[in-house]
Amino acid sequence: MVNFESRFSTAKWGFYDTSWTDEGGWENKMVATQFSPYWARTAWPCFDEPRLKARFKFFVEHESVYDAVSNGALESRESIRAGWVRSIFEWTPPMSTYITAMVVTNYRYLESKTESGVATRVYGSPSRLKHGKKPA
């Protein structure tokens, strides 16, 4: 396992911070990833090549009013200090770095389950989700 820290990008690629405005005009902060085709290497040390695969286990520390989302299922969420939590995700299957994903947001989601019981979610701002439907 490799431990590292990274700063957010100011561009809309790599691991970057951004925001969205709710219906009341409030700005809501979030961070997200856009790694395709080769920006994963701006977020952490890696070989960002499609033919190279690895398994990932993400630990994301964030304010407790937000949720973290990643490629793996959420394994646990533990308090680490006042107002902060660590979201720990299950190991991913082998994958290229450019398709890994992380988001920390206060978006909400619509959820359903496939016939085999796999949960699927669609995330978005509450104003957008009210026009949506649960994923099939």
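The coordinates are above.
Chemist: Any chance you could explain the overall build of the protein chain here in plain terms?
Modeler: On a plain count of helices and strands, the protein chain comes out with one helix and nine strands. For the protein chain, the succession of helices and strands along the chain, N to C, is β-β-β-β-β-β-β-β-β-α. Taken over C-alpha atoms, the radius of gyration comes to 16 Å for the protein chain, in line with the 14 Å a tight globule of 136 residues would show. Going through the 136 residues of the protein chain one by one, you find that 32% of them count as buried. Residue pairs in contact within the protein chain that sit at least 24 positions apart in sequence constitute 47% of those at least 6 positions apart. Accessible surface for the protein chain amounts to roughly 9200 Å². Of this, 53% is attributable to carbon and sulfur atoms. If the 18 positive side-chain charges of the protein chain are averaged to one point and the 15 negative ones to another, these points end up 3 Å apart.

Chemist: So what exactly am I meant to see when it comes to the layout of surface pockets here?
Modeler: Empty pockets left among the atoms are what a rolling probe the size of a water molecule brings to light. Considered as a void within the structure, the second largest pocket measures approximately 290 Å³ in volume. Of the residues in the lining of the second largest pocket, the class split is seven nonpolar, four polar and three charged.

Chemist: How do you make sense of the nonpolar core when you look at a structure like this?
Modeler: It is characteristic of soluble globular proteins that their nonpolar side chains tend to be buried jointly. Counting 15 residues, the largest nonpolar core has Trp-44, Phe-58, Val-60, Met-102 and Val-104 as the members making the most contacts within it. Excluding its chain neighbours within four sequence positions, the residues that come into contact with Phe-58 are Trp-44, Ser-70, Asn-71, Ser-87, Ile-88, Phe-89, Thr-100 and Met-102.

Chemist: I would appreciate a short explanation of the packing of aromatic side chains in the present structure.
Modeler: A ring pair, where both rings are aromatic, is described by two values, the distance of the centres and the angle of the planes. Taken as a whole and judged by the stated rule, the model has four aromatic pairs. Aromatic pair Trp-13 and Trp-39: ring centres 5.6 Å apart, planes at 25 degrees, arrangement stacked. One end of the pair, Trp-13, is in the segment before strand E1 (14–21); the other, Trp-39, is in the loop between strand E2 (27–34) and strand E3 (59–63), and 26 residues separate them in sequence. According to the relative accessible area criterion, Trp-39 is partly exposed, its value standing at 22%. Where Phe-56 meets Phe-58, the ring centres are 5.8 Å apart and the plane angle is 5 degrees; that geometry is what we call stacked. Phe-58 shares its class with Phe-56; the two are buried. Directly above the aromatic system of Trp-84 lies the positively charged group of Arg-81, at a separation of 4.7 Å from the ring centroid.

Calculation criteria
- Residues numbered from 1 in each chain as written.
- Predicted model: local features only at pLDDT ≥ 70, side-chain atom pairs only at ≥ 80, totals over all residues.
- Heavy atoms only, no water.
- Helix = DSSP H or I, 4+ residues; strand = E, 2+ residues; numbered from the N terminus.
- Rg over C-alpha atoms; globule rule 2.2 N^0.38 Å.
- Buried < 20%, exposed > 50% of the residue type's maximum accessible area, 1.4 Å probe, protein only.
- Contact = heavy atoms within 4.5 Å.
- Areas by Shrake-Rupley, 256 points an atom, 1.4 Å probe, with all protein chains shown as cover.
- Lys, Arg positive; Asp, Glu negative; His and termini not counted.
- Charge placed at Lys NZ, Arg CZ, Asp CG, Glu CD.
- 1 Å grid on protein atoms, 1.4 Å probe; cavity = no way out; pocket = protein on both sides within 12 Å on 5 of 7 lines; lining within 4 Å.
- Points joined across faces, edges and corners; volume = space filled by probe spheres on them.
- Nonpolar A, V, L, I, M, F, W, Y, C, P; charged D, E, K, R; others polar.
- Core = buried A, V, L, I, M, F, W, Y, C linked by side-chain atoms within 4.5 Å.
- Phe/Tyr/Trp six-rings, centres within 6.5 Å; stacked < 30°, edge-to-face > 60°.
- Lys NZ or Arg CZ within 6 Å of the ring centre and 35° of its normal.

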